[in-house]
Amino acid sequence: MYQITVENRPPEVAVLLPCYNEGLVIRSVVEAFRQSLPHASIYVYDNRSSDNTSEEALKAGALVRREMWPGKGNVVRRMFSDIDADIYIMADGDGTYDSTVAPAMIQKLIDEHLDMVVGTRAGIYDNAHRRGHGLGNKIFNFVYKNLFGSLFTDIFSGYRVFSRRYVKSFPAISTGFEIETEMSVHASQLKLPIAELPTKYGKRVEGSVSKLRTINDSIRILFTFLILFKEIRPARFFGLIAVVLGSVAVGLSVPLLLTYLETGLVPRFPTAILATGLVLLAAISLVSGLILDSVARSRLEQKRMWYMSVKH
């Protein structure tokens with residue numbers, strides 16, 4: 001049992017389980033978290049399931065609510081808006097996460113004064129994922145490290161413990177599985193205190209189907225990377241575009257310049273016009289990046305002030 005108090009009282013702990021068609025396993029998941037965290041409130045958010053997910057969760061004693069907007073991101077937004085607690089635990093309702101680690105994750109959050117503890121998935125590459133998913137996870141973690149920072153080693157883990165301050169300052173813009181990426185970026189942008197704790201990652205029960213669509217969700221996550229990179233670091237984003245456009249313009253201009261120096265003529269006017277246009281676009285992109293960087297800095301200050309205003 002975790003040894004923690006909040007204002008000389010036991011903390012209010014909320015376990016949040018977003019679900020879609022997990023009727024085969026949700027009852028055992030709720031019971032497992034009830035055993036590990038007997039004083040926690042356990043919420044199951046049914047995201048338009050067509051099976052008996054809600055009924056099984058009710059039988060296990062969970063508080064069941066329904067979110068009709070499809071997608072995990074929409075469910076997370078609703079959960080974070082609805083639930084008031086001191087500590088929040090989020091896990092998938094598919095039975096792949098180890099509930100017995102939850103008390104240790106909570107204890108780490110409190111002892112080290114953190115805003116988020118991520119349960120990194122041990123055995124992700126040889127247990128519950130197809131080989132392509134494991135490779136994709138490595139690639140996306142590498143991209144994330146280079147774009148946003150190196151604190152996270154498993155940005156797609158759905159097993160996390162949050163402080164109230166994190167939950168109530170998180171905007172939750174994403175709609176689908178890219179929500180975990182947004183959570184990680186939010187922490188990286190605000191330089192929030194976070195930690196990771198290795199956890200077992202098991203296989204789905206027989207008959208249970210993964211909701212992850214490899215190609216579609218990979219494209220959405222990559223698009224989310226680009227959007228968040230543009231929003232958080234616009235000077236670098238538009239600066240890279242300016243470098244590419246400028247490089248192409250230089251490549252087109254050099255032969256024209258050499259010809260002009262030799263003959264005093266510019267025989268390829270369309271190419272000269274194209275090169276000039278690219279230079280102008282590069283300049284516009286660079287200036288736009290500088291302006292938006294000031295806007296992004298202002299938004300970051302506002303996010304930080306809002307984060308600090310939430311009672312920890």
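Residues numbered from 1 in each chain as written. Predicted model: local features only at pLDDT ≥ 70, side-chain atom pairs only at ≥ 80, totals over all residues. Heavy atoms only, no water.

Asks: Please explain the packing of aromatic side chains as it appears in this structure.
Replies: The description of two aromatic rings rests on the distance between their centres and on the angle between their planes. Throughout the structure, instances matching the rule amount to 17 aromatic pairs. Between the aromatic rings of Phe33 and Tyr159, the centroid separation amounts to 6.2 Å while the plane-to-plane angle is 85°, which identifies the pairing as edge-to-face. Of the two residues, Phe33 sits in helix α1 (residues 26–36) while Tyr159 sits in the loop between α5 (131–148) and β6 (160–163), which places them 126 residues apart along the sequence. Take Phe33 and Tyr159: they sit in the same class, and that class is buried. (Phe/Tyr/Trp six-rings, centres within 6.5 Å; stacked < 30°, edge-to-face > 60°. Helix = DSSP H or I, 4+ residues; strand = E, 2+ residues; numbered from the N terminus. Buried < 20%, exposed > 50% of the residue type's maximum accessible area, 1.4 Å probe, protein only.)

Asks: Explanation requested: the environment of Phe142 in the structure shown.
Replies: Within the secondary structure, Phe142 is located in helix α5. With 51 residues separating them in the primary sequence, Phe142 and Pro193 have C-alpha atoms 21 Å apart.

Asks: Help me understand the pattern of salt bridges in this model?
Replies: Side chains that carry opposite charge are capable of pairing whenever their charged atoms lie near each other. In this structure the tally under the stated criterion is 15 salt bridges. A salt bridge links Glu31 to Arg27; the nearest nitrogen and oxygen atoms lie 3.6 Å apart. Here Glu31 pairs with Arg27, and both are found in helix α1, just four residues apart, close to one helical turn. By relative accessible area, which is 39% here, Glu31 ends up partly exposed. Of the charged contacts in the structure, one is a salt bridge between Glu67 and Arg78, with a shortest N-O distance of 3.0 Å. One end of the pair, Glu67, is in the loop between β3 (63–66) and α3 (72–82); the other, Arg78, is in helix α3, and eleven residues separate them in sequence. Using a relative accessible area of 6% as the deciding quantity, one classes Glu67 as buried. Look at the salt bridges and you will find they share partners, linking Arg65, Glu67, Arg78 and Asp82 into a network. (Salt bridge = Lys/Arg side-chain N within 4 Å of Asp/Glu carboxyl O.)

Asks: What am I meant to see in the sheet that holds strand β1 (residues 13–19) here?
Replies: The strands that make up a sheet pair up through hydrogen bonds in the backbone, lying either parallel or antiparallel. Spatially, seven strands are ordered β3-β2-β1-β4-β6-β5-β7 in an open sheet, and the strand pairing comes out mixed. Where the open sheet ends on each side, the last strands, each with one partner, are β3 and β7 (194–200). Pairwise comparison of adjacent strand axes, ignoring direction, gives a mean angle of 20° for this sheet. Pairing geometry for strand β5 (residues 116–122) and β6, over three bridges, is antiparallel. Bridge assignment links Val117 to a residue of β6, and that residue is Val161. Relative to the sheet, helix α7 (residues 179–190) contacts β4 (87–90), β5, β6 and β7, its axis offset from that of β6 by approximately 45°. (Pairing = 2+ DSSP bridges. Axes fitted to C-alpha atoms, helices over the stretch in contact; angles between N-to-C directions. Contact = heavy atoms within 4.5 Å.)

Asks: Which parts of the structure should I look at to understand the pairing of β6?
Replies: Successive side chains on a regular strand alternate, one facing one side of the sheet and the next facing the other. Residues Arg160 and Phe162 point to one face of β6 and Val161 and Ser163 to the other, with burial holding for every one of them. Here β4 pairs with β6 via four bridges, running antiparallel. Within β6, the position partnered with Ile89 by the bridge is Val161.

Asks: Just checking my understanding: could you explain helix α4 (residues 102–111) for this structure?
Replies: Turn by turn, an α-helix covers 3.6 residues, leaving residues three or four places apart pointing in a common direction. Among all positions of α4, only Ala102, Pro103, Met105, Ile106, Gln107 and Leu109 are buried. In the stretch just after α4, His113 is the one whose phi turns positive, near 55°.

Asks: What is the right way to read the pairing of β1 from this model?
Replies: Extensive coverage of β1 is indicated by the burial of seven of its seven residues. Side chains Val13, Val15, Leu17 and Cys19 project from β1 onto one buried face, and the interleaved Ala14, Leu16 and Pro18 project onto a second face that is buried too. Pairing analysis gives four bridges linking β1 to β4, with the strands arranged parallel. Within the sheet, the bridge partner assigned to Val15 lies in β4 and is Ile89. Two elements, β1 and strand β2 (residues 41–46), share six bridges in a ladder whose sense is parallel. Bridge pairing in β2 places Cys19 opposite Asp46. What joins β1 to β2 is α1, and the crossover it makes is right-handed. (Right-handed = clockwise from strand over helix to strand, strands pointing away.)

Without other data, these values stay purely geometric and don't point to any function.
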